[in-house]
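# Summary of structural features
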Amino acid sequence: MGADAAVRCEALIKTFGPTRALDGLDLDVRVGEVHGFLGPNGAGKTVTMRILLGLLRGDGGRATLLGGDPWADAVALHRRLAYVPGDTNLWPNLTGGEIIDLLGNLRGGLDETRRAELIDRFDLDPRKKARAYSKGNRQKVALVAALASRAELLILDEPTAGLDPLMEAVFQDCVADARAEGRTTLLSSHILAEVEKVCDRVTIIRKGRTVRSGSLEELRVLARTTISVQVAHDGMEIAGWPGVFDVRRDGVRVSFEVDQPAVGAVVERLAALGIVALESHPPTLEELFLRQYDAELAEAGVHQ
Amino acid sequence: MTGTTLVGTGRLVRLILRRDRVRLPLWVAGLIGLMAVSASQVQALYDTPAKIIGYTSTMRDNPALVIFAGPGYGFDDPGVGVILVNETSLWMALGCALMSVFLVNRHTRAEEESERADLLRSTVVGRHATISAALIVALMANVVVTASTTVLTTAVGYGFAGSLALCGSFGMVGVAFAAVTAVAAQLASTGRAALGLGAALAGLAFIARGIGDISTSWLAWLSWSSPFGWAIGVRAFAGERWWAIALLAAFSLAVTAAAFELSVRRDLGSGMLTQRAGPARAPRWSTTPLGLAFRLQRGALLGWTVGVFVTAAVYGSVGNQIEQMLEDNPQLKDYFAALQGASITDVYLSTALRMMAMLVMGFSLSSVLRNRSEETAGYAESMLATATSRWWWVGSHLVVTVAGTVVVLAASGLGVGLGYALVIGDAAQVPRMLGASLALLPALLVVIGLAVLLFGWLPRATVAVWGALAAVVVIGIFGDVLRLPGWVRDLSPLQHVPALPARPWQTLPIAVLGAAAVVLTAAGLVGFRRRDLTGA
Ligand SMILES: Nc1ncnc2c1ncn2[C@@H]1O[C@H](COP(=O)(O)OP(=O)(O)OP(=O)(O)O)[C@@H](O)[C@H]1O
Ligand SMILES: [Mg+2]
């Protein structure tokens, strides 16, 4: 197991004075996968990544990165990874091209053909000074610098913040390419459609703790399928069935949610009622995500 | 300028006062305290007419002293007030000017570099509100300094009119340089460059006044080219010429109007000099931590080297006038007696080198603080996520700081030496002054070490090291006037370096300073290796 873990955090703890930013966080990223790292604002995603980079020092628990200690072996590990920070701050008086070269060389060299190709794909003008770039273009500089490296692990903190949809698609292609080459990616993001497209597995955290982790299929099992059905008669008796929630009348139809394991039994019983029309869709990541936060929303006083 | 361009100024003023609630009171209280203590010490020191005459006859027509203190208006019929003017006026004016330069730049050009400026402008804030707010706060600060020092000086026993003229003159110099910085902020392309421009203009005006005052030739007009010259021209305690203060006020207004005018001709975040496209590739040398550190600091290094060299050359080139004065003025005999055999020229030269070293310390600190500003700006995060170790990253900037300090210090020695060598026709003075200036290096390294120590263990307090520079300057320039006790003076590392060339070389204090610098720096590096990266 140890050999195929690119990143492993166990019960990681980090406090800033009275704030407990990480409160026993677990994270497991396998070699070669694209791993989505999700959580509401302030959940601790950036803090976790900064601990993995040896920029912050954990207060408890264990973190392992590419088999090494992120604090003690920082320099050796950093030769093997590339990082795109959440706030892309670039030296205002250097050009984008210079910054790409700088970060590339400091990581131990970059792939020249890939550099040229990425600048082209992202449609980046490398001759502009960083202070003159728009937010999205600054983000592209950081992305090109990271993707053009030969790093075996990419740590990307909200890398598509500020990118237009076209560039987002380019980014998704690049991540897919990286995976095809056998590279590992840890990707934090608030754009769930993107995570759904590119990630093999995800970890959802909340308030510094891991609440869910697994492949998208595994997570779907934990969530509910939405069914909208028209049956021969009224149909409101569905509300009493086990595993069924949130039954609503929608004109002639009845909509409700079903726990994943109960789906088979529910469909059988519906068939017995005489189905006129039926639509079902599996839970989107968004629904999954929102459900994980229900508790938090309730705490914050938001009622659905 | 219609009313709407100023909308929101009041709110911005409150915001600046809140953001600078520690910094600004420190500046203001420091300046007031310095003046108040100087006033009472001068009063106590020169308590008889004989002592006052003794002072003025030593000072009078001595170009070395004129250049650092002023031409001595009122020395023909002196009261204690003219001594106070001679001891404090120029330095207080320089203090007020620097306070204004830092304040105005911080809240105009430097602020634009953060995203806050856009955020602010998107709220209801008029086009001129930012500049107006910064200038209003600068005006308030200088008015508080003027009012408080006037009251305190009067309270100690000086005449009210003279006190008001003296304190008003240096306060107005502060206001004038607030306006000058507002213009610099429009011209420069970065906050750092604007700060450099504002400070350089203040330094240039300071030197120009000095050259003008010691010149009997056509250069004498230089005194009147400089706000510092106008401040001295107020002639406090010597038949006040109030119109000179009005001249300062008119100058400030005109320059402010220019700043407003320029500000509407450029975009937020850019200077008047627009940026051209740069290179698409980085030269190989600049993609190492050391190369980057040098690249980021070379502009500042060049500016400081040139500025310090020119200043030093000016001070060196008046060295010969001291010899001449020695022949003309037998009254100085007493003064020499106190020098224990050293020649007055050498005493002057060693004083000039020390003053230069304080200036160089300004470079050293702004350079060593680069580590901290790279960290708060988030650039350190990008660097340290690469295969750059923490030692190597801090070390690179430190190498640039130390090498830069040697260069700027050498420029001061070469400047004084060259200036002096040219006027007396003796090339041997160049290596002599160069050596004497470099002997001050360990003292500068101690202060750099202190900055590294703070950076390693108390990163958010790193800027407090400017306080150490303030202490070194107060001890060095006002030590005698304030009659500071010996142990306080001993806190300044500069005090421990033998005053070459007036005194013989001593190895021990220099070695001790060097060792202290190494220990402080090493301790700071250990602290940084162990700590989290932090924001502002
Ligand atoms: N240097 C710091 N000092 C104090 N508190 C901090 C510091 N850095 C992070 N925190 C706190 O730690 C918690 C986690 O922050 P973090 O930046 O990791 O959130 P995040 O999951 O990345 O959020 P977002 O989605 O908004 O980027 C927050 O409560 C934050 O306020
Ligand atoms: Mg974050």
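As a starting point, this report considers the structure included with it. (Residues numbered from 1 in each chain as written. Chains lettered and ligands numbered in written order. Predicted model: local features only at pLDDT ≥ 70, side-chain atom pairs only at ≥ 80, totals over all residues. Heavy atoms only, no water.)

### A word on helix α24 (residues 507-530) of chain B
Relative to the 34 Å expected for 24 residues at 1.5 Å per residue, α24 of chain B spans 35 Å between its end C-alpha atoms, a close match to the ideal helical length. On its buried side, α24 of chain B packs onto α18 (379-384), α19 (390-424) and α21 (441-457) of chain B. (Helix = DSSP H or I, 4+ residues; strand = E, 2+ residues; numbered from the N terminus. Expected span 1.5 Å × (residues − 1). Contact = heavy atoms within 4.5 Å.)

### Things to note about the packing of helix α3 (residues 96-106) of chain A against helix α5 (residues 135-147) of chain A
Residues and elements named next belong to chain A. Contact geometry of α3 with α5 gives a least axis separation of 9 Å together with a crossing angle of 35°. Between α3 and α5 the crossing geometry is right-handed. The segment α3 lies against α5, with G96, I99, I100 and L103 engaging V141, V144 and A145. When the residues that make up the contact of α3 with α5 are grouped by side-chain class, the tally is six nonpolar, one polar and no charged. (Axes fitted to C-alpha atoms, helices over the stretch in contact; angles between N-to-C directions. Left-handed = near helix turned anticlockwise from the far one by under 90°. Nonpolar A, V, L, I, M, F, W, Y, C, P; charged D, E, K, R; others polar.)

### Regarding the interface of chain B and chain A
Of the residues lining the interface, 40 residues belong to chain B; the matching set on chain A comes to 38 residues. Where chain B abuts chain A, roughly 3,300 Å² becomes buried across the two surfaces, and 52% of that area is made up of carbon and sulfur atoms. Applying the counting rule to chain B against chain A returns five salt bridges. We note a salt bridge from E98 of chain A to R295 of chain B, for which the minimum N-O separation is 2.8 Å. Inspection of the chain B/chain A interface yields 22 residue pairs in polar contact (both at pLDDT 80 or more). For the side of chain B that touches chain A, the secondary structure elements donating two or more residues are α13 (289-317), α18 and α24 of chain B. Among the elements that line the side of chain B that touches chain A, the one with the most residues is α18 of chain B, at five residues. Class assignment for the residues of the side of chain B that touches chain A results in 15 nonpolar, 13 polar and 12 charged. (Buried area = accessible area lost by both parts, 1.4 Å probe. Salt bridge = Lys/Arg side-chain N within 4 Å of Asp/Glu carboxyl O. Polar contact = N/O pair within 3.5 Å; in protein donor to acceptor, adjacent residues only side chain to side chain.)

### With respect to the site of ligand 1
Residues and elements named next belong to chain A. Around ligand 1, the neighbouring residues are F16, A21, P40, N41, G42, A43, G44, K45, T46, V47, E158 and H190. Surface burial for ligand 1 is 65%, taken as the share of its 630 Å² of free accessible area covered by protein chains. With three residues, the top contributor of residues to the shell around ligand 1 is helix α1 (residues 45-52). Residue composition of the shell around ligand 1, by class: five nonpolar, five polar and two charged. (Near = heavy atom within 4 Å. Areas by Shrake-Rupley, 256 points an atom, 1.4 Å probe, with all protein chains shown as cover.)

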